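# Architecture and fold: a report
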Amino acid sequence: MMLKNDISVVVPVYNEYENLPELYKRVKNTVSSITDKYQIIFVNDGSNDDSLSRILSFAENNPKVFYLDLSRNFGHQIAVTAGLEYCNADCTVIIDSDLQDPPELIFELYSKYREGFDVVYAKRKKREGDTFIKKFTAKLYYRLLKRWVSFEIPLDAGDYRLISNKVVSAVNQMPEQNKFLRAQIAWLGLKQAYVLFDREIRKHGKSGYSYGKMFRLAFDGITGFSDKPLLLVSRLGFVISIFSFLVIIYAIFAHYIFKQTITGWTSLIISAMFMGGIQLLSIGIIGEYISRINKNVQKRPLYILKDTNINDTYINS
Ligand code: UDP
Ligand code: MG
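None of the values given here were measured: they were computed from a predicted structure.

## Quick word on the site of ligand 1
Close contacts around ligand 1 come from 19 residues, with Glu 16, Asp 45, Asp 98, Ser 207 and Gly 208 the closest. Separating an oxygen atom of ligand 1 from a side-chain N or O atom of Asp 98 is a distance of 2.6 Å. Within the side chain of Gln 100, a nitrogen or oxygen atom sits 2.7 Å from an oxygen atom of ligand 1. Burial of ligand 1 by the protein chains amounts to 95% of its free accessible area of 520 Å².

## Side note on the sheet that holds strand 7 (residues 192-199)
Ordered in space as 7-5-6-4-1-2-3-8, the eight strands form an open sheet in which the pairing is mixed. Among the strands making up the open sheet, the edge pair consists of strand 7 and strand 8 (305-308). Within the sheet, the average angular offset between the axes of one strand and its neighbour, ignoring direction, is 20 degrees. Pairing between strand 4 (residues 89-94) and strand 6 (residues 157-164): four bridges, direction antiparallel. In the strand pairing of strand 6, Ile 94 is matched with Arg 161. Contacts from helix 2 (residues 51-61) reach strand 1 (5-13), strand 2 (38-44) and strand 3 (65-70) within the one sheet, and its direction differs from that of strand 3 by about 150 degrees. Where helix 4 (residues 106-114) meets the sheet, it contacts strand 1, strand 4, strand 5 (119-127), strand 6 and strand 7, and its direction lies at approximately 50 degrees from that of strand 6.

## Let's talk about the packing of aromatic side chains
Summed over the entire model, instances satisfying the criterion amount to nine aromatic pairs. Taken together, a centroid distance of 5.9 Å and an interplanar angle of 15 degrees make the contact between Phe 132 and Phe 136 stacked. Of this pair, Phe 132 and Phe 136 both sit in helix 5 (residues 132-148), four residues apart, roughly one helical turn. The class of Phe 136 is partly exposed, set by a relative accessible area of 46%.

## Details of the environment of Ile 242
Considering the arrangement of structural elements, one finds Ile 242 in helix 9 (residues 228-256). Taking the relative accessible area as the measure of exposure, Ile 242 reaches 43% and is therefore partly exposed.

## With respect to the side chain of Thr 223
Relative to the helices and strands, Thr 223 is located in helix 8 (residues 211-225). Setting aside anything within four residues of it in sequence, one finds Thr 223 in contact with Glu 288, Tyr 289 and Arg 292.

## Quick notes on the pairing of strand 4
The element strand 4 is largely enclosed, with a buried count of five among its six residues. Relative to strand 4, strand 1 runs parallel, the two being bridged by five bridges. For Ile 7, the partnering residue across the bridge sits in strand 4 and is Cys 91.

## Quick word on the layout of surface pockets
Considered as a void within the structure, the second largest pocket measures approximately 520 Å³ in volume. Looking at the lining of the second largest pocket, the elements with two or more residues in it are helix 3 (76-86), helix 8 and helix 10 (265-298). Classifying every residue of the lining of the second largest pocket by side-chain character gives seven nonpolar, seven polar and seven charged.

## Some points on the environment of Leu 305
As for its placement among the helices and strands, Leu 305 is situated in strand 8. When its relative accessible area of 26% is taken as the criterion, Leu 305 is described as partly exposed. Through-space distance from the C-alpha of Leu 305 to that of Pro 12 is 14 Å; in sequence the pair is 293 residues apart. Residues in contact with Leu 305, not counting those within four places in the same chain, are Leu 68, Asp 69, Leu 70 and Tyr 86.

## Things to note about the pairing of strand 5
Bridging between strand 5 and strand 6 involves four bridges; their strand directions are antiparallel. The residue bridging Val 119 from the neighbouring strand is Ile 163, located in strand 6. Judged from the seven bridges that link them, strand 5 and strand 7 form a sheet pairing that is parallel. The partner of Val 119 across the bridge, within strand 7, is Gln 192.

## Quick word on a nonpolar patch on the surface
The grouping of Phe 238, Ile 242, Phe 245, Leu 246, Ile 248, Ile 249, Ile 252, Phe 253, Tyr 256, Ile 257 and Phe 258 at the surface amounts to a nonpolar patch, some 1200 Å² of accessible area in total. Take Phe 253: it is sitting in helix 9.

## Considerations on empty space enclosed by the protein
As enumerated under the stated definition, the model contains one cavity of 30 Å³ or more in all. Considered as a void within the structure, the largest cavity measures approximately 40 Å³ in volume. Looking at the lining of the largest cavity, the elements that each hand over two or more residues are strand 6 and helix 7 (181-188). Residue classes in the lining of the largest cavity are distributed as five nonpolar, no polar and two charged.

Parameters and conventions
- Residues numbered from 1 in each chain as written.
- Chains lettered and ligands numbered in written order.
- Predicted model: local features only at pLDDT ≥ 70, side-chain atom pairs only at ≥ 80, totals over all residues.
- Heavy atoms only, no water.
- Near = heavy atom within 4 Å.
- Polar contact = N/O pair within 3.5 Å; in protein donor to acceptor, adjacent residues only side chain to side chain.
- Areas by Shrake-Rupley, 256 points an atom, 1.4 Å probe, with all protein chains shown as cover.
- Pairing = 2+ DSSP bridges.
- Helix = DSSP H or I, 4+ residues; strand = E, 2+ residues; numbered from the N terminus.
- Axes fitted to C-alpha atoms, helices over the stretch in contact; angles between N-to-C directions.
- Contact = heavy atoms within 4.5 Å.
- Phe/Tyr/Trp six-rings, centres within 6.5 Å; stacked < 30°, edge-to-face > 60°.
- Buried < 20%, exposed > 50% of the residue type's maximum accessible area, 1.4 Å probe, protein only.
- 1 Å grid on protein atoms, 1.4 Å probe; cavity = no way out; pocket = protein on both sides within 12 Å on 5 of 7 lines; lining within 4 Å.
- Points joined across faces, edges and corners; volume = space filled by probe spheres on them.
- Nonpolar A, V, L, I, M, F, W, Y, C, P; charged D, E, K, R; others polar.
- Patch = residues over 30% accessible without salt bridge, like charges linked within 9 Å, V, L, I, M, F, W, Y side chains within 5 Å.
- Salt bridge = Lys/Arg side-chain N within 4 Å of Asp/Glu carboxyl O.

Okay, here's the thing in structure tokens:
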């Protein structure tokens, strides 16, 4: 298939009315100075502000601007996935629309790509504006994930990156419903490089990633790429079984040999609650995997498109 552009830029948008003009200007200036053959795809992820009208006006004035308007808020990962399904270029940049990812970095991402890498990700030197808790939990989580998966996951990298068309096609073939793009891309194992940058603070508005959405993403990352929690749970069961067997033997000895029956409400209630807690936790972990299976057997479409100016023949798959 002949690809129509040199560069495509996919921009997920959720309530970014105030950020869009500057973002669009800076992205356009950067990519248009690299090549004339570019496209910018805005994915409006059910914004409830006026983001869409801004996007429509960019598209009206520039035939290289495209948009996908999703029927409601499906979440950042799905918005980007939608953009990847419609982009048509040798390489694609994924960039946030809140100006935390400086658009001018596309120069460096692109020149690394021209050296022959399939994935060039932007690695954060420092994260301005994120709370201590967010930075700390993110660090902890990625170190854990890295230990639990069998492929290389880049640390301190978000979704800001440039990927070759090879990567785009491969990601488009991944049918999972719970998307976790940075791990999906790492899973491919293609040639990766990074450039360093300072992540800025969000210009206007507030983060669309609630703690709920963040936890969801974190669980999806683990259940999608590792069976380790299941293994840990069954090991824990094994250890507790051995331990309780020893306690039983001790109790029998105490009763028949030492003639002293162990009494106590405290020990009973503690062990009952301890076991109850462990069991609930284990069921919860199994539940996470089952819910993933459930979502994937339903095979619902990932998102519903309300409107777009992209011709169907553009779809890259
Ligand atoms: N976003 C989206 N759908 C959502 C939440 C966020 O498309 O449900 C977009 C948002 O407009 C931004 C990017 O995804 O371009 C990253 O979101 P955000 O800045 O809220 O996340 P954070 O930087 O706080 O992790
Ligand atoms: Mg942000």
